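The chain contents come next:
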Amino acid sequence: MKVLIFQTEDEAKLRAAQIILSRVQSVPNSVLGLATGGTMEAIYAHLIEGSSNHSVSWSETVTFNLDEYWGIPADSAASYRTYMNEHLFKHIDVAMKSTHVPASSGDDPSDAAQSYEDAILTAGGIDLQLLGIGKNGHIGFNEPTSSLSSRTWIKTLTQETRDSNRRFFERLEDVPKYALTVGIGTILASEECIIVGTGVDKAAAIKAMIEGPVSAACPASALQMHRNVTVLIDNDAAQNLDPMEYYQHVHPEGRETELSNV
Ligand code: F6R
């Protein structure tokens, strides 16, 4: 894993946006995997600003979101489809038909999950996957104990995740109990991953992801098995890391040194 530690959370999020923007600029028909949640809001604001400042077109870009609550209307205020439309899609020139979010309702969640997995494969797989991380180490909505080779599936949310996401709903009872999520195996099949975690609340999960054993107890630790992962974190989220001098030596303050300078 490439571990980039920044002084501030905004520097980490800005770098994430720069990586995505440079990908869209150099390969306009990229297939991007996208995430939602609090961490992503600033990243998407930077993406919108960067796309406008540098005239980057998303007209050929295809997106697949990681997850969606199961059991709410897709157009409800708290759905991830609404989140994506509001925080990103309606501010850039992406074709709405090229944006994909898992289904939020239907007769059979397993069928919906399979069609989503099939759509990703038909698009040629994910080129660049953007990830956040839950306090319990989840990626997408793959909660601890999820199979590390899982493909898109329906998952029961933990109470901790429902409590964390309570802020997006009027009442705790309104927070769905289930979500359709891209699986860990699906994430591992992407060409490249970037994962962003900031704040002291994420420090334990970040430590387990980077330095802990590969274990279903921390789904993000499966990323240790991926060959091209960049971790973007701030000092607060990095505070439990052990060979801190090493991370700082390789990438001082998050800088990516040329090999010739190492
Ligand atoms: C949501 C997703 C989740 C979030 C995670 C962190 O699409 O993929 O794994 O990234 O729950 O959420 P925040 O950023 O709100 O702390």
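Residues numbered from 1 in each chain as written. Predicted model: local features only at pLDDT ≥ 70, side-chain atom pairs only at ≥ 80, totals over all residues. Heavy atoms only, no water.

## Here's the deal with the sheet that holds strand 1 (residues 2-6)
Right, so step 1: Strands sit in the order 1-10-9-6-2-3-5 across an open sheet of seven strands; the sheet is parallel. This sheet does not close on itself; its edge strands, each paired only once, are strand 1 and strand 5 (99-100).
Right, so step 2: Summarising the sheet, strand 1 and strand 10 (residues 229-234) pair through five bridges and their orientation is parallel. Bridging from a neighbouring strand, Phe6 pairs with Asp234 of strand 10.
Right, so step 3: Packed on one face of the sheet, helix 2 (residues 38-53) meets strand 2 (31-34), strand 6 (128-132) and strand 9 (192-197) and runs near 130 degrees to strand 6. (Pairing = 2+ DSSP bridges. Helix = DSSP H or I, 4+ residues; strand = E, 2+ residues; numbered from the N terminus. Contact = heavy atoms within 4.5 Å. Axes fitted to C-alpha atoms, helices over the stretch in contact; angles between N-to-C directions.)

## A short note on the site of the ligand
Right, so step 1: Taken together, 14 residues sit near the ligand, with Thr36, Thr39, Asp67, His138 and Lys202 positioned nearest.
Right, so step 2: Contacts to the ligand include Asp67, whose side-chain N or O atom sits 2.6 Å from an oxygen atom.
Right, so step 3: Within the complex, 92% of the 410 Å² of free accessible area of the ligand lies under protein.
Right, so step 4: Spatially, the ligand is embedded in the largest pocket. (Near = heavy atom within 4 Å. Polar contact = N/O pair within 3.5 Å; in protein donor to acceptor, adjacent residues only side chain to side chain. Areas by Shrake-Rupley, 256 points an atom, 1.4 Å probe, with all protein chains shown as cover. 1 Å grid on protein atoms, 1.4 Å probe; cavity = no way out; pocket = protein on both sides within 12 Å on 5 of 7 lines; lining within 4 Å. Sits in = over half its atoms within 2 Å of the grid points.)

## A look at the packing of helix 2 against helix 3 (residues 80-87)
Axes are the key here: two packed helices are described by the angle between their axes and the distance separating the axes.
Right, so step 1: In contact at an axis separation of 10 Å, helix 2 and helix 3 are set at 35 degrees when each is read in the N-to-C sense. Side by side, helix 2 and helix 3 meet where Met40, Glu41, Tyr44 and Ile48 of the first sit next to Tyr83, Met84 and His87 of the second.
Right, so step 2: Each residue belonging to the contact of helix 2 with helix 3 can be placed in one class, and the counts come to five nonpolar, one polar and one charged. (Nonpolar A, V, L, I, M, F, W, Y, C, P; charged D, E, K, R; others polar.)

## What to know about the nonpolar core
Right, so step 1: Among the nonpolar cores identified, the biggest contains 68 residues, and Ile20, Tyr44, Trp58 and Met209 are the most heavily contacted of them.
Right, so step 2: In terms of residues, this core owes the most to one element, helix 1 (residues 9-26), which gives seven residues.
Right, so step 3: Apart from the residues lying within four places of it in its own chain, the contact partners of Ile20 are Leu32, Ile43, Leu47, Trp58, Leu128, Leu130 and Ile194. (Core = buried A, V, L, I, M, F, W, Y, C linked by side-chain atoms within 4.5 Å. Buried < 20%, exposed > 50% of the residue type's maximum accessible area, 1.4 Å probe, protein only.)

## A short note on the pairing of strand 3 (residues 62-65)
Right, so step 1: Judged by which residues are buried, strand 3 turns out to be covered on both faces: Val62 and Phe64 on one side and Thr63 and Asn65 on the other are all buried.
Right, so step 2: You can see the chain leave strand 2, run along helix 2 and come back into strand 3, and the turn it takes is right-handed.
Right, so step 3: Bridge analysis of strand 3 against strand 5 gives two bridges, and the strand direction is parallel. Counterpart to Phe64 in the pairing with strand 5 is His100. (Right-handed = clockwise from strand over helix to strand, strands pointing away.)

## Concerning the pairing of strand 9
Right, so step 1: Counting buried positions along strand 9 gives six out of six residues, so the element sits mostly inside the fold.
Right, so step 2: The alternating pattern of strand 9 places Glu192, Ile194 and Val196 on one face and Cys193, Ile195 and Gly197 on the opposite face, and all of these are buried.
Right, so step 3: With five bridges joining them, strand 6 and strand 9 adopt parallel strand pairing. Of the residues in strand 9, the one forming a bridge with Leu128 is Glu192.
Right, so step 4: Judged from the five bridges that link them, strand 9 and strand 10 form a sheet pairing that is parallel. Note that in strand 10 the partner of Ile194 across the bridge is Thr230.
Right, so step 5: Viewed along the sheet, the connection from strand 9 through helix 7 (residues 203-211) into strand 10 turns out right-handed.

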